[in-house]
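The primary structure of each chain is shown beneath.
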Amino acid sequence: MMNKPIDGEVNQKTHRQSDQSIVPEKPSNAGGGKGLAGMRMKISDTSAAHGGGNQMATKLTLIANRAKGDSELRFTSLAHHLNEGFLQECYFELKRNKAVGIDGVTFGEYGERLEDNIKDLVERLKARRYRPQPVRRVYIPKGKGKKRPLGIPTIEDKMVQMGIKKLLEAIYEQDFIDISYGFRPDRSPHQALDALDKVLMTKPINYIVDVDIEKFFDTIDHKWMMEFLGHRIKDSSLLRLIARFLKSGVMEEGKFVHTDKGTPQGGNLSPLLANIYLHYVLDIWFERRIRKRLKGYAQMLRFADDFIICFQSETEGRTFYGQLQERLERFGLKLSQEKSRIIEFGSYTSHRSRQVGTFDFLGFTHYCDKTRSGKFKVGRKTASRKYRQKLQSMNVWLKSVRNQLPLQEWWQVLGHKLLGHYHYYGVSGNIRRLRAYRTQTIRLAYKWVNRRSQKRSYNWKQFNNWLKYNPLPEPKIYHRIYTLSSV
């Protein structure tokens, strides 16, 4: 028996025969055994042999090749790969100095009895007795006084999430479309920025649909998430494990909070699940349904839940905006009316109107600019909100570190922080903002160096002399994004 395919893409044969509704009326039980016909993977279980890294890499490659070779294949045997050798490999890939989960166990403490701990973990996984612990919720500044919630899993849960992520990634990397850039292997924000630049510079773009999904990670519908996974995964053990992670709950200020929707940011698995969700909800729908009906040019670029859609036609852009709202609401998501909008932008509009807008994408404000010869080009600068956030974070760090370490030691760390900022924001056209950031950082450093005690340490002349012999890195453009217009 065949399920109705989401967006008509999971079962391509059905899609070619009939232009049925893109969305099933109700989510089915993804772990119930119904759905697309699949083939059982014939990969031997090596859990007893504790397969090493090379062996697991070979198996992941085989899984990827099978997924690539058959877009309708549903994998029936995956959970057994979460064996001792694989999980040990996942353990050593975890970052060592991250915050601990609710059990308070650090990376080093778990590793003191690593083999025994992993053996016990695998036994619980096989007996289906393993249950993820609630994540510890913390908040980080987001701007405008708002805070972003993060969920911190335990070390053991991070290992299992890492293992599941590797298995799912081997499959879904064969399905994901090129318009998606966020949290994927060998893809980066700068590649997304470069692709956007080429679209804006070489295609007849007149309008931008700038979209923000309200509290995306907190509102992912669990039933739809499991339905989407069911189109590629038929292993009930793995699906059950993922469902337990989704419903593991949150500990906040000592109180347990049940989670019936969303996937907490902070875990290894969360970004991939978010990509899978939007792959079915957004990417396939736009590429294989919306674009085919448009008369003018259109292109979407997505980095996780942050995406931009470029349109040639204003009418088609506004029609799409209304369809997008309906589409997202059908899957439990909602557009942020405050942050989502349609603006004029592009080489054509910049010549005929002075009311061309700007938009922010991946931390940069994009605006219509001109070359020295007067031709159109896309200008970029660090978004004002991000610029303020980075300076505020720098101010907090300088204040906290000024008395913890000798000046000579934390000054080197300051240099590395500046380099990190340059490496991300060092994009063509942004040199002024980089220089401004360095100048403001030096002023903040001067302020806090002189507040290490009641006695003033330096005046400006003395501090500049210190800078002469202990220079901070100068701004540099690391990513040259410049496309000659062909429109």
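Residues numbered from 1 in each chain as written. Predicted model: local features only at pLDDT ≥ 70, side-chain atom pairs only at ≥ 80, totals over all residues. Heavy atoms only, no water.

Glancing now at the overall build of the chain. Looking only at helices and strands, the chain features 17 helices and 11 strands. Counting only residues that meet the buried cut, the chain has 51% of its 487 residues in that class. Intrachain contacts of the chain at a sequence separation of at least 6 include 73% that bridge at least 24 residues. Surface accessibility of the chain: about 24,500 Å² in total, with carbon and sulfur atoms responsible for 47%. (Helix = DSSP H or I, 4+ residues; strand = E, 2+ residues; numbered from the N terminus. Buried < 20%, exposed > 50% of the residue type's maximum accessible area, 1.4 Å probe, protein only. Contact = heavy atoms within 4.5 Å. Areas by Shrake-Rupley, 256 points an atom, 1.4 Å probe, with all protein chains shown as cover.)

Moving on to the side chain of Asn275. By the secondary structure assignment, Asn275 is in helix 11 (residues 270-293). Note on Asn275: relative accessible area 1%, which makes it buried. A polar atom in the side chain of Asn275 sits 2.7 Å from the backbone oxygen of Gly182. (Polar contact = N/O pair within 3.5 Å; in protein donor to acceptor, adjacent residues only side chain to side chain.)

We now examine the sheet that holds strand 9 (residues 359-361). Strand order in the open sheet formed by 3 strands is 9-10-11, and the pairing between neighbours is antiparallel. Looking at the sheet topology across the chains shown, the edges are occupied by strand 9 and strand 11 (376-382). Looking at each pair of strands side by side, their axes are set apart by 40 degrees on average, direction ignored. Across 7 bridges, the pairing between strand 10 (residues 364-370) and strand 11 is antiparallel. (Pairing = 2+ DSSP bridges. Axes fitted to C-alpha atoms, helices over the stretch in contact; angles between N-to-C directions.)

Let us look at the confidence of the model for the chain. For the chain, the average pLDDT comes to 86, and 86% of its residues sit at 70 or higher. pLDDT under 50 marks residues 1-51. Its contacts with residues more than four places away, or in other chains, come to 109 contacts. (pLDDT = per-residue confidence, 0-100.)

Pairing in this open sheet of 4 strands is antiparallel, and the strands run 6-7-3-8 from one edge to the other. The sheet is open, and its two edges are formed by strand 6 (298-303) and strand 8 (341-344), each paired on a single side. Neighbour to neighbour, the strand axes of the sheet diverge by 20 degrees on average, direction disregarded. Of the pairings in the sheet, the one linking strand 3 (residues 207-212) to strand 8 comprises 4 bridges and is antiparallel in character. The residue of strand 8 that forms the bridge with Val209 is Ile342.

Turning our eyes to something else, we now look at the side chain of Asn450. Along the chain, Asn450 turns up in the loop between helix 16 (431-449) and helix 17 (460-469). When its relative accessible area of 11% is taken as the criterion, Asn450 is described as buried. Those residues within four positions of Asn450 in sequence are excluded, and the remaining contacts are Lys455, Arg456, Ser457 and Tyr458.

Here we come to the pattern of salt bridges. In this structure the tally under the stated criterion is 16 salt bridges. Residue Asp120 pairs with Arg124 through a salt bridge whose shortest N-O separation is 3.0 Å. Highlighted residues: Asp120 and Arg124, both in helix 5 (residues 114-126), separated by 4 residues, approximately one helical turn. Of the residues examined, Asp120 reaches a relative accessible area of 36% and is grouped as partly exposed. Among the residues examined, Arg124 registers a relative accessible area of 16% and is labelled buried. Where Arg438 meets Glu474, a salt bridge forms, and the shortest distance between an N and an O atom there is 3.4 Å. Remark: Glu474 occurs in the segment after helix 17 and Arg438 occurs in helix 16; sequence separation between them is 36 residues. (Salt bridge = Lys/Arg side-chain N within 4 Å of Asp/Glu carboxyl O.)

Now for the packing of helix 3 (residues 84-93) against helix 5. The geometry of a pair of packed helices is captured by two quantities: the angle between their axes and the separation between those axes. The N-to-C vectors of helix 3 and helix 5 enclose an angle of 125 degrees; their axes lie 10 Å apart at closest approach. When the axis of helix 3 is compared with that of helix 5, the two are oblique. Crossing of helix 3 against helix 5: the hand is right-handed. Touching Glu84, Leu87, Gln88, Tyr91 and Phe92 of helix 3 are Leu114, Ile118, Lys119, Leu121, Val122 and Leu125, all from helix 5. Here the residues of the contact of helix 3 with helix 5 are counted per class, giving 8 nonpolar, 1 polar and 2 charged. (Parallel < 35°, antiparallel > 145°, perpendicular 65-115°, else oblique. Left-handed = near helix turned anticlockwise from the far one by under 90°. Nonpolar A, V, L, I, M, F, W, Y, C, P; charged D, E, K, R; others polar.)

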